[in-house]
Amino acid sequence: MRIRLTIVACAATLLASLALYPLFKTATWFGSGLGAVLTVGLAGVLTRKLRLPVLACLAIVPVALLIYLTAMYASGPALLGVIPTPASISYLSALLQDGWQEVFQYAPPVPVLPGIELMSTGGIGLIAFLVDLLAVRLRRAAPAGLPLLAMYALPARFRQESTGWLVFLPGAAGYLALLVTDARDRLSGWGRPIFTRHWSGEKFAHDRPDSRPLAVTGRRIGLTAVVIAIVVPLAVPDIHPRWLPGSGGDGPGGLTTVTTPDPLVSLKRQLVRQDDAVVLTYRTTDDLTPEYLRMYSLDRFDGDGWTYSPMHGDKNAQVDGKTLPAAPGLGDSSIRTVSTRIAVDSHVRGMNVLPTPYPPTKVGIKGDWRVDAPSLMIFSLRDSAGGRTYTVSSVRPTPTYQQLESTEPIPSDVASRYLAVPHGIPSDVVALANRLTASASTPYDRAVKLQQWFVRPGNFTYSLDAPSPRNVGALRDFLFTSRTGYCEQFAASMALLARIIGIPARVGMGYTAGTRQSDGSWIVRTKDTHAWPELYFSGIGWLRFEPTPSGGGGQGSATVPDYTAPQLLPGAPTGGSTSRLPSTGSTPDGRSTTGPGTGLRHRPDPLDRNGAAGAFPPPDHGGPPIGRLLLLLAVLLLLATPATLHRLAGVRRWAGSASNADVGAASGELRGTAVPVALRRLGRVHRSASNAGVAHAAWDELRIAAVDFGLPWRAGDSPRATARRLMEARPLGEPATDALARLVKAEELARYAPTPGPATGLRDDARAVRAAIAAGAGRRRRWRVRLLPPSALLLLRHGVGRVLDAFDRLDSLSLRRRQSPS
């Protein structure tokens, strides 16, 4: 039945399931998961006791798990509360569907709702079934680690923060225990031992070979593997859980190519968060509704979705206090300079791209933040924006109607990058783009026509229940069939239609302006996460458009720029202000039900409650970089460890011999006194031991010098053979040769003679030989020995061996208990 292996398999599954704890707000899911694991284990034991075939196990264990899930979650429609019926199975299916939808309505940690708990319990039960099948039934313990790894991978998949090593440790320990138990069971199954007169049954009462000593090797290998898996990622500074270096790595001149996770993956997850957490607050000198805070610029459409080109930035691209590259296409149109001071909430994790008004011209922030010149995205490979305060200088275009209506040619580099449309775009989508803009004569008029079509009341419905578009077919369904979606669908569709009709377009993602507070500051929450299209016009550059409805029936804080409003009069300056879009809850004549727009009205400066413009206080960068100082200190300590171990070992070596020498010297002073003869004889014994100890210490000093400077040293050689090899490898001067001869004689007497020779001057001789060996080496070698002595590795290896020997002692104690007569 393999009871022990079954118990370890169940324990390994439970330990691996602890990796799921970051996904849930409470731990109530663990109790139901424990029941599922026990059910699977008992069912597996039953099939093995009855000696049923593997195919029967494949049917019986899942049925047992289904009975458990029925009793836990569908006892009402079940027969006798436990036996599944069609009604109970339908109820479980509906509950699973609810759980699947609830998973995407909450961001981790999620509440343990019935549907979510059913998913976790069933998943843990299925993992337990696979582990039991592989490790216990099929005796394939090594592949059983794959389903255990699946549970560890779930938090890494659904959480933006990386999981810590404490989450990894229990599952790793359970898997190693499973491997060791399987190996011991295999050894125990080799049969009865054959007893001889040297190894009899009286000494070992059991008729099965004892496999406990085998656990020592397993523990050593397992401990080493776990330590390497935990320590190496922490010690390598280039491993970042949320940033993946591009295939080119660091190119010529330190150029770094960076790709990040798809930002649209987390867009909906932020929008559907139930807590609507604060992301950041800011103050701005803009006297109108502030511009959106853009993070990502998605410039590539491959037919499956919008993404962005890899970002590039060398050390010269660092942004702190420097003037950033000019925004592409920004010409002679009127602009206003705006200053914004942004404070990101300390609870924000993994924000490695800065939210800034577009286009930024200067950013004041401490840390290694760099700018990608074509997109003006500001990113970091090491730092996160959480808890930071930074200042952004940006410009806000205020083009006139005549400038918007101009038809200057599009630069070739812009056209090649931002007009690309993949093959296979449905013909009805192309026809729709052309039909909507047929009456427009300029690119600007065509862009306005597209925006008006999306926001016209009754055309589309804003809903977060719509699935994320992942291909052209999903966008086509949004445009012609469902007409239901959220900002991702609106922005992606308008950008695609704009490219079809010849307007360079991309998708911006970040946050809307948020909500203004009574003190003049602005607050941005997770509900303000947003995506929008950006269109390029020659002589003006990139301008934001807003096709997503706003207000109570749409994206609540979305605003439409005034330069896209239909009431603009020819020749009038746009002013650059923004107004609310009509939502799907608008009246038939287009008036918003959510309140009046801001229009062109000027607001008082939010930096001053009295309306007077004030200067920004200096940005707060969070004090001294304590974390970096501690990291630097740790690196310095790590580099100093070999040399420190080398010196401490030398001090300890000579201190031990000196203590014995003191005892011998003290006994010599007792000669001629009334001290008993036995005590004086004991002193002579100590004096002999002290002389041998000093000789061995001096010889060990010579061995360390040979190891450090790469000279041959064989443990089986006699002292004379060792000295001959050293002289052949490194000729020494006459004083050092004489000192080496004295060391050889002292070591020979300490090893082979009844009484060791005198130890006077051996320490000085060892130092003289080491100095002569060092003098024959190069300067680089000498510095290497000072900083990173190779002999220190022997000390580290010896220390690790002593730690692992502790496990040997534990096994020895357990063996003695078993072998001792009761």
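Please read these numbers as outputs of a predicted model, since none were measured by experiment.

Some words on the packing of aromatic side chains
Point 1. In this structure the tally under the stated criterion is 19 aromatic pairs.
Point 2. Residues Tyr536 and Trp542 carry aromatic rings whose centres are separated by 5.3 Å and whose planes lie at 65° to one another, so their mutual orientation is edge-to-face.
Point 3. By relative accessible area, Tyr536 is classed as buried at 5%.
Point 4. Relative accessible area serves as the criterion here: at 7%, Trp542 is assigned to the buried category.
Point 5. Among the aromatic side chains, those forming a connected cluster through ring pairs are Trp453, Phe454, Phe460, Phe478 and Phe490.
Point 6. The ring of Tyr292 carries the charged tip of Arg544 above its face, separated from the ring centre by 3.7 Å.

Notes on helix 14 (residues 472–482)
An α-helix turns once per 3.6 residues; consequently, residues spaced three or four apart project the same way.
Point 1. For helix 14, every residue scored as buried is listed here: Val472, Leu475, Phe478 and Leu479. For helix 14, the angular spread of the buried residues around the axis is 125°, confining them to a single face.
Point 2. Those residues of helix 14 that are buried are in contact with strand 5 (300–301), helix 12 (427–436), helix 13 (443–455), strand 15 (484–485) and helix 15 (487–500).
Point 3. Positive phi appears at Arg483, one or two residues downstream of helix 14, with a value of about 55°.

Some details on the environment of Leu740
Point 1. As for its placement among the helices and strands, Leu740 is situated in helix 19 (residues 734–752).
Point 2. Between the C-alpha atoms of Leu740 and Arg770, which are 30 residues apart in sequence, the distance is 9.8 Å.
Point 3. Those residues in contact with Leu740 that sit more than four places away from it in its chain are Leu702, Ala723, Met727, Leu732 and Val769.

With respect to the packing of helix 4 (residues 86–103) against helix 5 (residues 114–137)
Point 1. Put simply, helix 4 and helix 5 touch, their axes get as near as 7 Å, and they point 100° apart. Considering the angle they form, helix 4 stands roughly perpendicular to helix 5. Across the interface between the two elements, Leu92, Leu95, Leu96, Gly99, Trp100, Glu102 and Val103 of helix 4 pack against Pro114, Gly115, Ile116, Leu118 and Met119 of helix 5.
Point 2. Looking at the contact of helix 4 with helix 5, its residues break down into nine nonpolar, two polar and one charged.

Some remarks on the environment of Phe30
Point 1. Within the element layout of this structure, Phe30 appears in helix 2 (residues 28–49).
Point 2. Taking the C-alpha atoms as reference, Phe30 lies 9.2 Å from Glu117; in sequence the two are 87 residues apart.

Focus on the packing of helix 14 against helix 15
Point 1. In contact at an axis separation of 10 Å, helix 14 and helix 15 are set at 95° when each is read in the N-to-C sense. By the angle between their axes, helix 14 is roughly perpendicular relative to helix 15. Of the residues in helix 15, those touching helix 14 at Leu475, Phe478 and Leu479 are Gln489, Phe490, Ala492, Ser493, Leu496 and Leu497.
Point 2. Looking at the contact of helix 14 with helix 15 residue by residue, the class counts come to seven nonpolar, two polar and no charged.

Concerning the confidence of the model for the chain
Point 1. Averaged over all residues, the pLDDT of the chain is 76; the fraction at 70 or higher stands at 71%.
Point 2. Per-element averaging of pLDDT across the chain places strand 1 (residues 244–250) at the bottom with 34 and strand 9 (residues 356–357) at the top with 94.
Point 3. Scored below 50 in pLDDT, residues 568–624 shows 138 contacts in the model against residues more than four places distant or in partner chains.
Point 4. Note that residues 660–686 has pLDDT below 50 and, in this model, 17 contacts with residues that lie over four places away or in other chains.

Here we look at the pattern of salt bridges
Point 1. All told, the structure shown has 20 salt bridges when counted by the stated rule.
Point 2. With its nearest N and O atoms 2.7 Å apart, the salt bridge here joins Arg417 to Asp299. Of the two residues, Arg417 sits in helix 11 (residues 412–418) while Asp299 sits in the loop between strand 4 (293–298) and strand 5, which places them 118 residues apart along the sequence.
Point 3. On the basis of relative accessibility, which here comes to 30%, the residue Arg417 falls in the partly exposed class.

Description of the nonpolar core
Point 1. Among the nonpolar cores identified, the biggest contains 82 residues, and Val363, Phe454 and Leu535 are the most heavily contacted of them.
Point 2. The biggest single contributor to this core is helix 15, with ten residues.
Point 3. Residues contacting Leu535, with those up to four places away along its chain left out, are Ala447, Met494, Ala498, Ile503, Pro504, Ala505, Gly541, Trp542, Leu543 and Phe545.
Point 4. By size, the runner-up hydrophobic cluster in this structure holds 43 residues, among which are Ala12, Ala16, Phe24 and Tyr68.

Section: the sheet that holds strand 10 (residues 360–364)
Point 1. Sheet architecture is open: six strands sit in the order 10-13-8-3-18-17, paired in antiparallel fashion. Each of the sheet's edge strands pairs with one partner strand only, and the pair in question is strand 10 and strand 17 (515–516).
Point 2. Relative to strand 13 (residues 389–397), strand 8 (residues 335–344) is paired through nine bridges, and the arrangement is antiparallel. Note on strand 13: the bridge partner recorded for Thr337 is Val395.

So, unusual backbone geometry
Point 1. For the peptide bond that leads from Tyr358 to Pro359, omega is -5°, which places it in the cis range.
Point 2. As for its placement among the helices and strands, Pro359 is situated in the loop between strand 9 and strand 10.
Point 3. Residue Arg139 is not a glycine yet carries a positive backbone phi of 55°.
Point 4. Tracing the chain through its elements places Arg139 in the loop between helix 5 and helix 6 (145–158).

Things to note about the sheet that holds strand 16 (residues 505–511)
Point 1. Strand order in this open sheet of five strands is 9-4-16-19-20, and the pairing throughout is antiparallel. The outermost strands of the open sheet, each flanked by one partner alone, are strand 9 and strand 20 (541–544).
Point 2. With four bridges connecting them, strand 19 (residues 529–537) and strand 20 associate as antiparallel partners. Following the sheet pairing, Leu535 is matched in strand 20 by Leu543.
Point 3. Along the sheet, helix 15 makes contact with strand 16 and strand 19, crossing strand 19 at roughly 15°.

Conventions and cut-offs
Residues numbered from 1 in each chain as written. Predicted model: local features only at pLDDT ≥ 70, side-chain atom pairs only at ≥ 80, totals over all residues. Heavy atoms only, no water. Phe/Tyr/Trp six-rings, centres within 6.5 Å; stacked < 30°, edge-to-face > 60°. Buried < 20%, exposed > 50% of the residue type's maximum accessible area, 1.4 Å probe, protein only. Lys NZ or Arg CZ within 6 Å of the ring centre and 35° of its normal. Helix = DSSP H or I, 4+ residues; strand = E, 2+ residues; numbered from the N terminus. Arc of directions from axis to C-beta. Contact = heavy atoms within 4.5 Å. Axes fitted to C-alpha atoms, helices over the stretch in contact; angles between N-to-C directions. Parallel < 35°, antiparallel > 145°, perpendicular 65-115°, else oblique. Nonpolar A, V, L, I, M, F, W, Y, C, P; charged D, E, K, R; others polar. pLDDT = per-residue confidence, 0-100. Salt bridge = Lys/Arg side-chain N within 4 Å of Asp/Glu carboxyl O. Core = buried A, V, L, I, M, F, W, Y, C linked by side-chain atoms within 4.5 Å. Pairing = 2+ DSSP bridges.

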